[in-house]
Every structure is written in structure tokens, then in C-alpha cells.
Amino acid sequence: QVQLVESGGGLVQPGGSLRLSCAASGNILNVNLMRWYRQAPGKQRELVAFITRGGSTNYADSVKGRFTISRDNAINTVYLQMNRLKPEDTAVYYCNALPEIGAATWGQGTQVTVSS
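Scoring rules and cut-offs
- Residues numbered from 1 in each chain as written.
- Predicted model: local features only at pLDDT ≥ 70, side-chain atom pairs only at ≥ 80, totals over all residues.
- Heavy atoms only, no water.
- Phe/Tyr/Trp six-rings, centres within 6.5 Å; stacked < 30°, edge-to-face > 60°.
- Helix = DSSP H or I, 4+ residues; strand = E, 2+ residues; numbered from the N terminus.
- Lys NZ or Arg CZ within 6 Å of the ring centre and 35° of its normal.
- Buried < 20%, exposed > 50% of the residue type's maximum accessible area, 1.4 Å probe, protein only.
- Polar contact = N/O pair within 3.5 Å; in protein donor to acceptor, adjacent residues only side chain to side chain.
- Contact = heavy atoms within 4.5 Å.
- Core = buried A, V, L, I, M, F, W, Y, C linked by side-chain atoms within 4.5 Å.
- Salt bridge = Lys/Arg side-chain N within 4 Å of Asp/Glu carboxyl O.

Engineer: Which residues make up the packing of aromatic side chains, and what values go with them?
Structural biologist: According to the stated counting rule, one finds two aromatic pairs in the structure shown. Here Tyr-94 and Trp-106 contribute two aromatic rings whose centre-to-centre distance is 6.2 Å and whose plane-to-plane angle is 85°, an arrangement assigned as edge-to-face. Note that Tyr-94 is positioned in strand S9 (residues 91-99) and Trp-106 in strand S10 (residues 105-106), a separation of twelve residues in sequence. Put simply, the rings of Tyr-37, Tyr-94 and Trp-106 pair up and form one aromatic cluster. Here the guanidinium or amino end of Arg-45 rests over the ring plane of Tyr-94, the centre of that ring lying 3.8 Å away. Just above the ring of Trp-106 sits the side chain of Arg-45; from NZ or CZ to the centre is 4.6 Å.

Below you can see the structure in the form of C-alpha cells.
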């Protein structure tokens, strides 16, 4: 079992930046994909970005060129660097760990609010 703890959310003005962190503990060797999702009020949860064990990345069209996912294997942490933030990026952001076998694990979420 993997445990995930997100941090780094907050209030930022449009055009600003935030960096989210997701610290993983537990059986992390079994994790194949690390993903960031977000859920805005009244909307479905959507995949924002993922990074594979080998470091390959993929992004939702809405964040390409603005967000960057990365990982530091030495401290078992995944990051989401968010630049040029827009009001429509406002959401609760969740970290997700997908193992090779078994169900995915979710973090508790961190609120990101983009507003002037």
C-alpha cells in the first residue's frame, strides 16, 4: 500500500505560479504511474498530467506548455509546477499512484485558487 500527501496549494493571481508536491511512502517500488488530477466545483475529476517510472510525461491539452510534472526518486516525491495560471485552473488537485497490480491510491487533495 502507498500513502500520498499533497502540499503546495493556495491562492494565486492570474498569471502566477505554484508548485504542488506529492510525497509518497509505503510500497512505492510497485508504482508504475504517478498522476495529478483536478476537480473543479460542479465538474468531473480530470487527469492533468502523469509521469511514468521511466520519466515519460503526458499532459492534458488545457495545461500543455504551462504545467510541468517531475519526480525526485531520491525522496519519493512528485511535483507539478504550474505557471501562467488561469482562473479556470481553480480546483482541488489530487495526486494518484497507479501500481502495476492493484488499485490506485489517492492523496487527500490540495486546493488551488486562481483569482485576483
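Next comes the rest of the write-up.
Engineer: Report on the side chain of Arg-38, specifying residues and quantitative values.
Structural biologist: Following the sequence through the fold, Arg-38 ends up in strand S4 (residues 31-39). On the basis of relative accessible area, Arg-38 is assigned to the buried category, the value being 6%. One polar contact links Arg-38 to Ser-62, side chain to side chain, over a distance of 3.4 Å. Within polar-contact distance, the side chain of Arg-38 engages the side chain of Asp-89 at 2.9 Å. Look past the residues within four positions of Arg-38 in its chain and what remains in contact with it is Gln-44, Arg-45, Glu-46, Val-48, Ser-62, Val-63, Phe-67, Glu-88, Asp-89, Ala-91, Val-92 and Tyr-93.

Engineer: Residues and numbers for unusual backbone geometry, please.
Structural biologist: Trans peptide bonds make up most of the peptide bonds, and negative phi angles are found at most residues other than glycine. Backbone geometry places Asn-76, a non-glycine residue, at a positive phi of 55°. In this fold, Asn-76 is placed in the loop between strand S7 (67-72) and strand S8 (77-82). Relative accessible area serves as the criterion here: at 31%, Asn-76 is assigned to the partly exposed category. Located in the positive-phi region is Arg-84, a residue other than glycine, with phi close to 50°. Looking at the element boundaries, Arg-84 is found in the loop between S8 and S9.

Engineer: Explain the nonpolar core to me, and be specific about the residues and the numbers.
Structural biologist: Of all hydrophobic cores here, the largest spans 29 residues; its most connected members are Met-34, Trp-36, Leu-80, Met-82 and Tyr-93. The set of elements that each furnish at least two residues to this core consists of strand S1 (2-7), strand S3 (18-26), S4, strand S5 (46-52), S7, S8, S9 and strand S11 (110-114). Not counting residues within four places of it along the chain, the set of residues in contact with Met-82 comprises Gly-16, Ser-17, Leu-18, Leu-20, Arg-66, Phe-67, Tyr-93 and Val-112.

Engineer: Residues and numbers for the pattern of salt bridges, please.
Structural biologist: The tally for this structure, following the rule as stated, stands at five salt bridges. A salt bridge links Glu-100 to Arg-53; the nearest nitrogen and oxygen atoms lie 3.2 Å apart. Here Arg-53 lies in the loop between S5 and strand S6 (57-59) and Glu-100 lies in the loop between S9 and S10, a separation of 47 residues in the sequence. Given the relative accessible area of 51%, Glu-100 is considered exposed. Connected through salt bridges with shared partners, the residues Arg-38, Glu-46, Arg-66 and Asp-89 form a single ionic network.

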